[in-house]
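Chain by chain, the residues run as shown.
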Amino acid sequence: MSLQEFDTVVVGAGIAGLYCAWRLAQRDARHKVGLFEASDRFGGRIETVDMDGFLAEYGPMRFEKRRQRLLMGLLDELDLKTRPFVPYTAEAARGMRFPLAPDEAGPAESPHTTLDLMKLGIMRILKDTQWGSPGDPNDPRDEKHKDWLRSLDEEDFAGMRRGAMQGGAFLHERGFWNALSDVLSHQAVLAIRDQGTFYHLIPENPNAVDWIVFWLRALSGEGQAALVSIEGGSGALPLALVRKLQQRSDQVFIHRRHELTSLA
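Residues numbered from 1 in each chain as written. Predicted model: local features only at pLDDT ≥ 70, side-chain atom pairs only at ≥ 80, totals over all residues. Heavy atoms only, no water.

Undergrad: Residue-level account of the overall build of the chain, with values.
TA: Looking only at helices and strands, the chain features ten helices and ten strands. For the C-alpha atoms alone, the extent of the chain along its principal axes is close to 70 × 45 × 35 Å. Across the 264 residues in the chain, those meeting the buried criterion constitute 42%. A separation threshold of at least 6 residues defines the contact pool for the chain, and within that pool the share at least 24 residues apart is 70%. Of the roughly 15100 Å² of accessible surface on the chain, 51% is carried by carbon and sulfur atoms. Averaged over its 32 positive side-chain charges, the chain has a centre that lies 4 Å from the centre of its 37 negative ones. (Helix = DSSP H or I, 4+ residues; strand = E, 2+ residues; numbered from the N terminus. Buried < 20%, exposed > 50% of the residue type's maximum accessible area, 1.4 Å probe, protein only. Contact = heavy atoms within 4.5 Å. Areas by Shrake-Rupley, 256 points an atom, 1.4 Å probe, with all protein chains shown as cover. Lys, Arg positive; Asp, Glu negative; His and termini not counted. Charge placed at Lys NZ, Arg CZ, Asp CG, Glu CD.)

The structure is reproduced here in structure tokens:
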């Protein structure tokens, strides 16, 4: 084996490793960086596969243009373009398979969709916390909810993760389905799960506050072009970083199929 010496070794060529190696190299042209990846590909959880012209995303596919400003700046720096991503929607409710209570079903002429039910549940969960919406907790379409959603920032989300409670228990200690079941009828939860195609999350029962924050971010983009995707797929981002590193081949040394076995 040949012995190589570096100023910094970066283990893993996912987006964090690629970005870190690039910034280190930019900082000092004399700095030697060794980048090691156990697999044969770059990008980690970011993976785009071309299926006969259809770009299938196996990782992140949508980004928040208004909130993720650092990412948007990086895309500009790498000359990568974005395009609008269709906001979250739900099919029109043409008669729920599950009978719902009047306060969950919505008006007869425009019944609540599964997305409305999801929003209704989250508003009710947060109703008695310091992060509750000023809108009607029994009306997911109340216009006050929209302004409130857009006003939430990272400090609010961090506070929710630490301190939001429901029924005397921290939300970060509860499952999402359990939290919803405490504020919605069983039929409404079934409608969200089955008609909203969340059946794949049944065995997982994800962390309640993490999923609430995820949906608060997503719902804040309703009615505006807040969500974008990367032209060419998300996989274009790590590949653009790889090209930048390859331009510094005398400074950054990339090794694929190399696995970390020990540190001394």
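That covers the picture; the talk isn't over yet.
Undergrad: Tell me what's going on with the pattern of salt bridges, and back it up with residues and numbers.
TA: Tallied over the full model, the rule gives 13 salt bridges. The salt bridge involving R174 is made with D182; its shortest N-O contact spans 2.8 Å. Connected through salt bridges with shared partners, the residues D103, E104 and R124 form a single ionic network. (Salt bridge = Lys/Arg side-chain N within 4 Å of Asp/Glu carboxyl O.)

Undergrad: How would you summarise unusual backbone geometry if you had to cite specific residues and measurements?
TA: The residue N205 is not glycine, and still its phi comes out positive at about 45°. With respect to the helices, strands and loops of the structure, N205 is situated in the loop between α8 (186–195) and α9 (208–219).

Undergrad: I'd like to hear about the packing of aromatic side chains, residue by residue, with values.
TA: In this structure the tally under the stated criterion is seven aromatic pairs. Between the aromatic rings of F6 and F36, the centroid separation amounts to 5.9 Å while the plane-to-plane angle is 80°, which identifies the pairing as edge-to-face. Of this pair, F6 sits in the segment before β1 (8–11) while F36 sits in strand β2 (residues 33–37), and the two are 30 residues apart along the sequence. Through pairs of rings, three or more aromatic residues link up here, namely F176, W177, W211, F214 and W215. (Phe/Tyr/Trp six-rings, centres within 6.5 Å; stacked < 30°, edge-to-face > 60°.)

Undergrad: Explain the sheet that holds strand β6 (residues 82–84) to me, using residue names and the numbers behind them.
TA: To summarise the sheet geometry, strands pair through backbone hydrogen bonds and adopt either a parallel or an antiparallel arrangement. Pairing in this open sheet of three strands is antiparallel, and the strands run β5-β9-β6 from one edge to the other. Strands at the two margins of the open sheet, each flanked by one partner only, are β5 (63–64) and β6. The sheet contact formed by β6 and strand β9 (residues 227–230) spans three bridges and is antiparallel. Paired with P84 across the strands is V228, a residue of β9. (Pairing = 2+ DSSP bridges.)

Undergrad: Give me the lowdown on a nonpolar patch on the surface, citing residues and values where you can.
TA: A grouping of V9, V11, L260 and L263 is seen on the molecular surface, where their side chains present a nonpolar patch of about 410 Å² in accessible area. Looking at where V9 falls in the secondary structure, it is placed in strand β1. By relative accessible area, which is 45% here, V9 ends up partly exposed. (Patch = residues over 30% accessible without salt bridge, like charges linked within 9 Å, V, L, I, M, F, W, Y side chains within 5 Å.)

Undergrad: Got a sec to walk through the side chain of S133? Specific residues and values, please.
TA: In this fold, S133 is placed in the loop between α4 (114–126) and α5 (143–151). S133 gets classed as buried once you look at its relative accessible area, which sits at 16%. A polar contact is formed between the side chain of S133 and the backbone nitrogen of G135, at a distance of 3.0 Å. A distance of 2.7 Å separates polar atoms of two side chains, one belonging to S133 and the other to H145. Not counting residues up to four positions away in its chain, the partners in contact with S133 are M123, K144, H145 and W148. (Polar contact = N/O pair within 3.5 Å; in protein donor to acceptor, adjacent residues only side chain to side chain.)

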